[in-house]
Amino acid sequence: MADPHEFPDFVWSIGEEGSDPVVMRQGERYRQDQFAASGHDQHMDDDLAAIADLGVHVVRYGTPWRLAEPRPGAYDWSLWDRAFNACQNAGLEPIVEFLHFGLPDHCGGFVERTWVEHFVDYVGAFLERYDSPRWFTPINEPGITARLSARFGVWNDMVATTEGHAQALTNVVQANLEAVDLIRADRDGWWVGSEGFDVPVAVATSPEAEAEAQRQRELSWLVWDLHFGVEPGVPGYFDLVDSAQLERIRSLAPTDRVVAGLDIYPISINAVGGERPDWVPSDLIRLAADEIERWHDRYGHPFWIAETSNLTLPLDEQIPWLDEFAQALGRLRAKGRPARGLCWYSRGDQFDWQTALIEPTGAVTEVGLFDTERRARPVAARFRELANGGPPPVG
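Values in this document were obtained by computation on a predicted structure and should not be read as measured data. (Residues numbered from 1 in each chain as written. Predicted model: local features only at pLDDT ≥ 70, side-chain atom pairs only at ≥ 80, totals over all residues. Heavy atoms only, no water.)

*Asks:* Is there a simple way to think about the nonpolar core in this case?
*Replies:* Generally speaking, soluble globular proteins have nonpolar side chains that are buried together. Of all hydrophobic cores here, the largest spans 103 residues; its most connected members are Trp80, Phe98, Trp115, Phe119, Phe126 and Trp295. Broken down by element, the residue count for this core peaks at 10 residues, all from helix α7 (residues 162-187). Once residues lying within four places of it in the same chain are set aside, the contact partners of Phe126 are Trp77, Trp80, Phe84, Val96, Phe98, Pro133 and Phe136. (Core = buried A, V, L, I, M, F, W, Y, C linked by side-chain atoms within 4.5 Å. Buried < 20%, exposed > 50% of the residue type's maximum accessible area, 1.4 Å probe, protein only. Helix = DSSP H or I, 4+ residues; strand = E, 2+ residues; numbered from the N terminus. Contact = heavy atoms within 4.5 Å.)

*Asks:* Which parts of the structure should I look at to understand the pattern of salt bridges?
*Replies:* Two side chains carrying opposite charge are able to pair once their charged atoms lie near each other. Enumeration over the complete set of coordinates arrives at 33 salt bridges. Close ionic contact of Asp371 with Arg375 constitutes a salt bridge, the shortest N to O distance being 2.9 Å. The exposure class of Asp371 is buried, given its relative accessible area of 14%. A network of salt bridges, in which partner residues are shared, links Asp20, Arg31, Asp33, Arg66 and Asp105. (Salt bridge = Lys/Arg side-chain N within 4 Å of Asp/Glu carboxyl O.)

*Asks:* Honestly, helix α5 (residues 114-129) in this entry has me stumped. Any pointers?
*Replies:* At 3.6 residues per turn, the α-helix brings residues three or four places apart onto the same side. Here α5 is 16 residues long and its end C-alpha atoms lie 24 Å apart, about the 22 Å a rise of 1.5 Å per residue gives. If you check which residues of α5 are buried, you get Trp115, Val116, Phe119, Tyr122, Val123, Ala125, Phe126 and Leu127. Of the surrounding secondary structure, the elements contacted by the buried residues of α5 are α3 (65-68), α4 (78-90), β5 (93-99), β6 (135-139) and α7. (Expected span 1.5 Å × (residues − 1).)

*Asks:* Help me out: how do you make sense of the side chain of His227 in this one?
*Replies:* For His227, the position within the fold is in helix α9 (residues 222-228). The exposure class assigned to His227 is buried, which follows from its relative accessible area of 2%. A polar side-chain atom of His227 sits 3.1 Å from a polar atom in the side chain of Asn176. One polar contact links the side chain of His227 to the main-chain carbonyl oxygen of Val223, over a distance of 2.9 Å. Those residues within four positions of His227 in sequence are excluded, and the remaining contacts are Pro142, Val173, Asn176, Leu177, Trp191, Ala253 and Pro254. (Polar contact = N/O pair within 3.5 Å; in protein donor to acceptor, adjacent residues only side chain to side chain.)

These results come straight from atomic positions and should not be treated as a statement about function.
Given below as structure tokens:
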């Protein structure tokens, strides 16, 4: 009997940007709010209708947790109610997201473990209220969340230590898997993930460059090692983490109803051991596809490109980037790699992402299918053609 919650063989999707981490501005903590910056909170219905008009049936969507739980245990579902009504009116099915880089103020930071219980309670309350969603990204980019909050020290906790990063990463992975476990128990839902995907490329032909590229790969893949119950590629990294917490995570490792999310942008491809070559989109996509195959050899799970855009490339490269990626996914599928979709991220332009949100000046990051005035760019028409054409050709 077919699984009524089965994720499609291939989807063309679009996401709505809703990041809300805390950063520093002029020496004070400042909450980034992409919903407010883009005006999506005022144009929700029109924005979601515009996504559907491009032939898309699946949207990546979440509302900020802090707005749904303004006080501990006190939930305000009004924004979620609006979002689901707008999705229904547009004919869109959401991949539901609960946390996109920011915690409610009452939860402190990611290094402390107390927020995990609050998050699980929030997910449980959501599932009790809404019975229709079947696909979930409980936490957007767990690895990036921990990296920028507790390794680079530029978001939220502002911690920059190995110990802090190991603990934050453990906490975020546990929270994500606890949510997945709740969802599966409640409705056999699917985890359709989203995670930053580094592509370290040794550009110098030296053992040192190759070793450094491998070191970077192993460090960035720790988030997958934890999620999938694989022995961590960096020995001893979690030695200071409570062993009972690590055992709990291992017990939650999913084996089915998973589509891992690989978030790949031009900036994801990193030159190691020398200056960055003048890579064109076809070069960047080829390198990313090679890394996807390495990833799939290690973990074996179906995957989709949960985020991509021309980030760091000019606007006239949007269509070449999209076309090259579509062709690469077709080639991967032809080789038996289970690529299940591509999501352009995001519908509209973003703000301050040139600096990973750490310089909150309101500068426009031109990556959208639509500009800040909600005018469609040429890439939107190309995306519609692809979405209406089904899975990418395998040839």
